[in-house]
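# Structural features, examined
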Amino acid sequence: MGLTKGTVSYRRFRLQDDLPLNSPEVFLDSIQKQAFRPIDGETDEEVSIGWVGVNDPLNTELRHEDLFFEDLVLLSMRIDKKRVPAKILSAHVQRAFRDYAHENDRALLSRSEKENIKEMVHTRLLRRVLPSMATYDMVLDLSELEVRFWSLSQNVCIEFVELFGMTFGLNLLPMSCYGLAAKLLDEVSVERLANLQPSAFVRSRGR
Amino acid sequence: MSLLARIRQLDFLASEFLTWLLYRCERQNAVWKLDASPAFELWPDDRLRLEAPVDGVTKNLLSGGTPSRTAEAHAALATGKLVQEARWKLLRGEKEWLFTMKAPDLDLRSVRLPELLTEEEDDRLRERLSLMRELEETVELLLKTFLELRLSNGWTRDELPAVSEWILDGTPSNG
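This text gives an overview of the structure that appears in the document. The structure presented is a predicted model; accordingly, all values stated were derived computationally and were not measured.

## With respect to the overall build of chain B
When you go through chain B residue by residue, the secondary structure sums to 5 helices and 6 strands. Helices (α) and strands (β) of chain B occur, in sequence order from the N terminus, as α-α-β-β-β-α-β-β-β-α-α. Its C-alpha atoms give chain B a radius of gyration of 17 Å, within 12% of the compact-globule value 16 Å for 175 residues. Considering only C-alpha atoms, chain B reaches an extent of 55 × 45 × 35 Å along its principal axes. A burial count over chain B gives 54% of its 175 residues as buried. Counting contacts in chain B only where the partners sit at least 6 residues apart, residues at least 24 apart contribute 55% of the total. For chain B, the exposed surface amounts to about 8000 Å²; the carbon and sulfur share of it is 48%.

Structure, rendered in structure tokens:
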């Protein structure tokens, strides 16, 4: 479930830097440069990550009216991944080893020969595999300088922070206890929090 | 110190916050009146996970009914376990949110927003985001209250002994 319907689970981030005073056109241009591009089926590319329109993972021609909503920028991060199933790869590799040994009248193959064969088989199979696709919505709030991102997976969040940084040149701080404290308290109080020790919540009676 | 180290340094406060929240909800009968904000109700719902902060291995997962009021929950707290995950119900006026918070990240999870009043797609999006913001502001207000209290002398002088009493009063041996 994402931005527009259903229950929501999301991570909040705060911009660590001030928003550059760019015009919407420059902003849009930055997004378009990181728009999603499908994996090239003729290469051994395995992963592609980029922006698409919310509710339309095929929309990579991102226009102003698709993205901007009042003080918000609405986008989805799309991740396509191609992966050759391990058992299929193994079966094809074993057959390729046997064929190579037979053609070259060899009983044993060297490690480098095996690695080369495995690489070739993997590349050949990869071109036949359809990618899996996942999308994750995000909202950049330009007035509050905060981001909401619809995934709690650590790996997906890392990809998101990286894509966000590449697109806008801005760093994100997760709104965990530290990030929230930095928003809610003054700097001195945050420093004092860092010096606290965990409390013992249970004491024996009479102390 | 790196940013990641600074973030990790405060992680322990998340489970302290959730445990304190549970205590205050019980003590205040779920009614909260903070700052100039209108009063609201917050109480623990049907899921509670407690873990020892040190080993993190032994845990109690309680679900169904009101697990925070069970003897098991208090017994776990009495052994030093803290709340690592809890589902909450928030009432502000006619609006009701259900949501889960976990330590240490305090992300808002499985949030069920109040019923939407608008029909148009743009209006619904605006309303959903506004309801999410309302929940975030409430959680921030609660966390700010906790952190300020945690930094004050009143934490060790008054609050912590009161939490301890509440935990021990609810354990099976204390009826």
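The discussion continues.
## Brief notes about the packing of helix 3 (residues 71-78) of chain B against helix 5 (residues 153-170) of chain B
All names here are of chain B. One can describe the packing of helix 3 onto helix 5 by two numbers: an axis separation of 8 Å at closest approach and a directional angle of 130 degrees. The angle between helix 3 and helix 5 places the two elements in the oblique class. Handedness of the crossing formed by helix 3 with helix 5: left-handed. Here helix 3 contributes Ala71, His74, Leu77 and Ala78 to the contact with helix 5, which in turn contributes Trp166, Ile167, Leu168 and Gly170. The class makeup of the residues in the contact of helix 3 with helix 5 is 6 nonpolar, 2 polar and no charged.

Cut-offs applied
- Residues numbered from 1 in each chain as written.
- Chains lettered and ligands numbered in written order.
- Predicted model: local features only at pLDDT ≥ 70, side-chain atom pairs only at ≥ 80, totals over all residues.
- Heavy atoms only, no water.
- Helix = DSSP H or I, 4+ residues; strand = E, 2+ residues; numbered from the N terminus.
- Rg over C-alpha atoms; globule rule 2.2 N^0.38 Å.
- Buried < 20%, exposed > 50% of the residue type's maximum accessible area, 1.4 Å probe, protein only.
- Contact = heavy atoms within 4.5 Å.
- Areas by Shrake-Rupley, 256 points an atom, 1.4 Å probe, with all protein chains shown as cover.
- Axes fitted to C-alpha atoms, helices over the stretch in contact; angles between N-to-C directions.
- Parallel < 35°, antiparallel > 145°, perpendicular 65-115°, else oblique.
- Left-handed = near helix turned anticlockwise from the far one by under 90°.
- Nonpolar A, V, L, I, M, F, W, Y, C, P; charged D, E, K, R; others polar.

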